[in-house]
Amino acid sequence: MDEKALQEVLMELSRTAGVSGQEGDAVAVASRCLQPFVTKVERDRFGNLIAFKQGEETSDPPFSLVLAAHIDEIGAMVTKVDESGFLRFTGIGGIDPRVLLGQAVEVHGRNRLKGVIGALAPHLLTEKERQKELKMEELYIDIGFDEAQATEQVRVGDFVSLAQAPLAMQAGGCISGKSLDNRAGVAALIVCAAELAGVRHRCNVYFTATLQEEVGLRGAITAAYGLVPDLAIAVDVTHGEWPGLSYPEVFELGKGPAIGLGPNFHPALTRSLEDSARENRFPYQVEPVPGVSGTDAWVFQVSREGIPTALLSVPLRYMHTPVELLNLDDLLNAGRLLAVFARRLDRPFVEGLKCI
Amino acid sequence: MESLIKDLSEAYGPSGEETLVRTLLEDLIKEHVDRTFTDNLGNLFALREGPAPLLMVSAHMDEIGVIVTHIDEKGFIRLAPVGGLLPHLLVGQRLRFKDGTVGTVYHEKLKEIKELDWSKLYLDIGAESAAAARKRVEVGDLACLHQPFAVLGERYLGKAMDDRAGCAILLEVARRLPPELPRSVCFVFSVQEEVGLRGAITAAYRLNPGYGLAVDVTRVGDTPEAPLMDIALGKGPAIKVKDSSMISHPRVRGFMIDTAVAAGIPYQLEVLERGGTDAGAIHVSREGVPSGTLSIPCRYVHTPSEMVDAGDVRHAAALLEKLCATPWP
């Protein structure tokens, strides 16, 4: 898959709504993109998308690799339709009220409704009010309807997604948009699946798009239990460079994906990922994660009897805002690295993981 | 259901010490189900056999309470919370231990009331010395709030409505279910919900259900200057869309709504910003269990005087009965 094709896939994924708990549309896009490269695509009982690619290992049972990227995005949910037809809401996932002001949104009511989160005009604010901290409960969504129309169209519990369209920037490879956390990871899975199409690999591979990561890694809990893989790699995003912050808090864009190191990850597995990158001259960075990774890797590691787990992260700026920004090169390199890693997997390596 | 709710509300059962509630419930439910059993954590299961897949219906037996952390030389007792309990709610309140020992809570000298925290509170059981106190209470003992049940017109007031009101609804529905069911239903009275949905984790693992339902209380926004919440007492049970522990399965939520509409049962839709129920544990059990929650609107949750509406309780029971007796899509 070349950069142009990847850009199209990523922008379609970014454009599509898929707030935690309502990921159906995003799953449909990912499913269509993965389909040509795999043996079969299905959804598990929780709704996670599982795209299975048969390997060539004939031993019984065969060994399997799960590549997991969460497909849900942060968003909001309606908590009340008020007397003027304005919608009050609560956040889904770690959404920051400061970045919601002035945003366009889509309300998933009886129909899809365009809405905006307005701010009181600066003319009408006192100096003191302008400096005040912003709280979610002070914000509202304006869909233009009066109370009667709004009540007809919208109910408590309706989902709200950000409506920011993705931007292909003039700077080569830079894409900005909503939900790149973690459609970037999903796109990396698609790159990997494309790379593995028509080439030999021994392990069975489950490309897994997990649901509800942003509200507590919930899809990954059930996916890990159901798939019982021999090893798992979570693919997610990490913080991109930012003035005033330095490595290892932030990672350079365009210098390759970051391989997580720390107690959440199996050392032999991370070493092997690094070896794969070095041997193939793929750029990569190393991300020390001293404790909870906060990614799907966290629950995969302790599923059932334990699963050797690793984390590959794409650097991204402005996480959990509507203008998350990344470099496509990092995505391509992440997908290609996963593919060469999958190809080198054999049973002795998998058996060797059982004793660190 | 009034006397049932009274008995359950007044029973002693803080998280980890649910035995008395379990005994009470088991005696009441066993003649209405095919069999009852318990597990290693103390969950009580009451099974109505039928075709697979099984519907798990869970209400938790435990209530918020306190644990004894220290007894001083004069016999005053220091406390820590078990579950989400605020220290200022306990000043002047009575607490009760499993053996019936009662005491009252007060605080040390304070400059300002906002200095009040758990380290400033103590429990006085009327003992003159440490030795006398230790004859009745030991470090690690659990106490519940000591509050009588009251009927206020159409409303019930008492401790532990969270979630004995839910337990009462399960029991009432078990009594009413017809002889033939479209699928197995297992009523689960779970332990340790208030400290992290722990009983429901093992109960769901054991049952491996096809669907999960929790019946629990939820907060309301209908009191003076309440935080924003579109739920009021007396407007019917709530069908949960989201809380901190779960986003309800859209198919389950849709079926609950359709069932309520078809039966003419009033309902409200609930988005709870903080809090969780047993369904939070059930829905991520094993490979995932499509789950929902039927909520009873409740004022003053996690205080000594929780208030629910009798009509909401009746309607919740009516809806749960339909949900147990109707084939699911």
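What counts, and at which threshold
- Residues numbered from 1 in each chain as written.
- Chains lettered and ligands numbered in written order.
- Predicted model: local features only at pLDDT ≥ 70, side-chain atom pairs only at ≥ 80, totals over all residues.
- Heavy atoms only, no water.
- Contact = heavy atoms within 4.5 Å.
- Buried area = accessible area lost by both parts, 1.4 Å probe.
- Salt bridge = Lys/Arg side-chain N within 4 Å of Asp/Glu carboxyl O.
- Polar contact = N/O pair within 3.5 Å; in protein donor to acceptor, adjacent residues only side chain to side chain.
- 1 Å grid on protein atoms, 1.4 Å probe; cavity = no way out; pocket = protein on both sides within 12 Å on 5 of 7 lines; lining within 4 Å.
- Points joined across faces, edges and corners; volume = space filled by probe spheres on them.
- Helix = DSSP H or I, 4+ residues; strand = E, 2+ residues; numbered from the N terminus.
- Pairing = 2+ DSSP bridges.
- Axes fitted to C-alpha atoms, helices over the stretch in contact; angles between N-to-C directions.
- Domains from an automatic or database assignment.
- Nonpolar A, V, L, I, M, F, W, Y, C, P; charged D, E, K, R; others polar.
- Phe/Tyr/Trp six-rings, centres within 6.5 Å; stacked < 30°, edge-to-face > 60°.
- Buried < 20%, exposed > 50% of the residue type's maximum accessible area, 1.4 Å probe, protein only.
- Lys NZ or Arg CZ within 6 Å of the ring centre and 35° of its normal.

Draft legend 1. Looking closely at the interface of chain A and chain B. With 23 residues of chain A at the interface, the matching set in chain B holds 25 residues. Counting each side, the surface lost to burial between chain A and chain B is near 2200 Å², with a carbon and sulfur contribution of 59%. Contact with chain B buries area across many residues of chain A, yet Arg45, Arg218 and Tyr225 of chain A alone supply 31% of it, more than any other trio. The tally of links between chain A and chain B comes to one salt bridge. Here Lys80 of chain A and Asp230 of chain B are joined by a salt bridge, their closest N and O atoms 3.4 Å apart. At the junction of chain A with chain B, the criterion picks out six residue pairs in polar contact (both at pLDDT 80 or more).

Draft legend 2. Representation of empty space enclosed by the protein. Residue and element names in this part refer to chain A. By the definition in use, this model includes three cavities of 30 Å³ or more. Residue lining of the largest cavity: Gly75, Ala76, Ile95, Leu100, Val105, Ile117, Val160, Ser161 and Leu162, and that is the complete set. At the level of elements, strand S4 (75–81) and strand S9 (159–162) are the ones that each hand at least two residues to the lining of the largest cavity. It is S9 that contributes the most residues to the lining of the largest cavity, three residues altogether.

Draft legend 3. Fine view of the sheet that holds strand S16 (residues 309–316) of chain A. Residues and elements named next belong to chain A. Strands sit in the order S1-S2-S12-S3-S13-S16-S14-S15 across an open sheet of eight strands; the sheet is mixed. A single partner strand is all that each edge strand has here, and the edge strands are strand S1 (40–43) and strand S15 (285–288). The sheet shows a mean angle of 25 degrees between the axes of neighbouring strands, taken without regard to direction. Of the strands in this sheet, strand S2 (49–53), strand S3 (64–70) and strand S12 (204–210) touch helix H6 (residues 218–227), which is tilted by about 160 degrees from S12. Sheet strands in contact with helix H7 (residues 267–279) are strand S13 (231–239), strand S14 (258–261), S15 and S16, and its direction is about 160 degrees off that of S14.

Draft legend 4. Expanded view of the domain arrangement of chain B. All names here are of chain B. Here chain B is partitioned into domain 1 (2–63 + 159–325) and domain 2 (65–145). Placing a centre on the C-alpha atoms of domain 1 and another on those of domain 2 gives a separation of 31 Å. Residue-level contacts link 16 residues of domain 1 with 14 residues of domain 2. A buried area of about 1200 Å², summed over both sides, lies between domain 1 and domain 2, and 65% of it is on carbon and sulfur atoms. Contact with domain 2 buries area across many residues of domain 1, yet Tyr12, His302 and Pro304 alone supply 43% of it, more than any other trio. For the pair domain 1 and domain 2, the number of links is four residue pairs in polar contact (both at pLDDT 80 or more). Grouping the constituent residues of the side of domain 1 that touches domain 2 by class yields six nonpolar, five polar and five charged.

Draft legend 5. Structural context of the packing of aromatic side chains. This structure, assessed with the given rule, holds eleven aromatic pairs over all chains. Measuring from centroid to centroid gives 5.2 Å for Phe76 of chain B and Tyr122 of chain B, while their planes differ by 70 degrees, and the two rings are edge-to-face. Of this pair, Phe76 of chain B sits in the loop between strand S4 (65–71) and strand S5 (77–82) while Tyr122 of chain B is found in strand S8 (residues 121–124), placing the two residues 46 residues apart along the sequence. Taking the relative accessible area as the measure of exposure, Phe76 of chain B reaches 27% and is therefore partly exposed. Residues Phe255 of chain B and Trp328 of chain B carry aromatic rings whose centres are separated by 5.0 Å and whose planes lie at 50 degrees to one another, so their mutual orientation is tilted. One end of the pair, Phe255 of chain B, is in helix H6 (residues 250–263); the other, Trp328 of chain B, is in the segment after helix H8 (310–325), with 73 residues separating them in the sequence. Each of the two residues, Phe255 of chain B as well as Trp328 of chain B, counts as buried. Through successive ring pairs, a cluster of aromatic residues spans Tyr211, Phe255 and Trp328 of chain B. Lying across the ring of Tyr225 of chain A, Arg304 of chain A places its NZ or CZ 3.6 Å from the centre. Against the face of Phe45 of chain B rests Arg206 of chain B, its NZ or CZ located 5.6 Å from the ring centre.

Draft legend 6. Broad picture of the pairing of strand S17 (residues 306–309) of chain B. All names here are of chain B. The alternating pattern of S17 places Glu306 and Val308 and Met307 and Asp309 on opposite faces, both of which are buried. The pairing of strand S11 (residues 155–158) with S17 spans four bridges and is antiparallel. The partner of Arg155 across the bridge, within S17, is Asp309. Pairing of strand S16 (residues 291–299) with S17, which is carried by two bridges, proceeds in the antiparallel orientation. Residue pairing in the sheet places Cys298 in a bridge with Val308 of S17. From the end of S16 to the start of S17, which pair antiparallel, there are six residues, and Tyr300 there has a positive phi angle of about 60 degrees.

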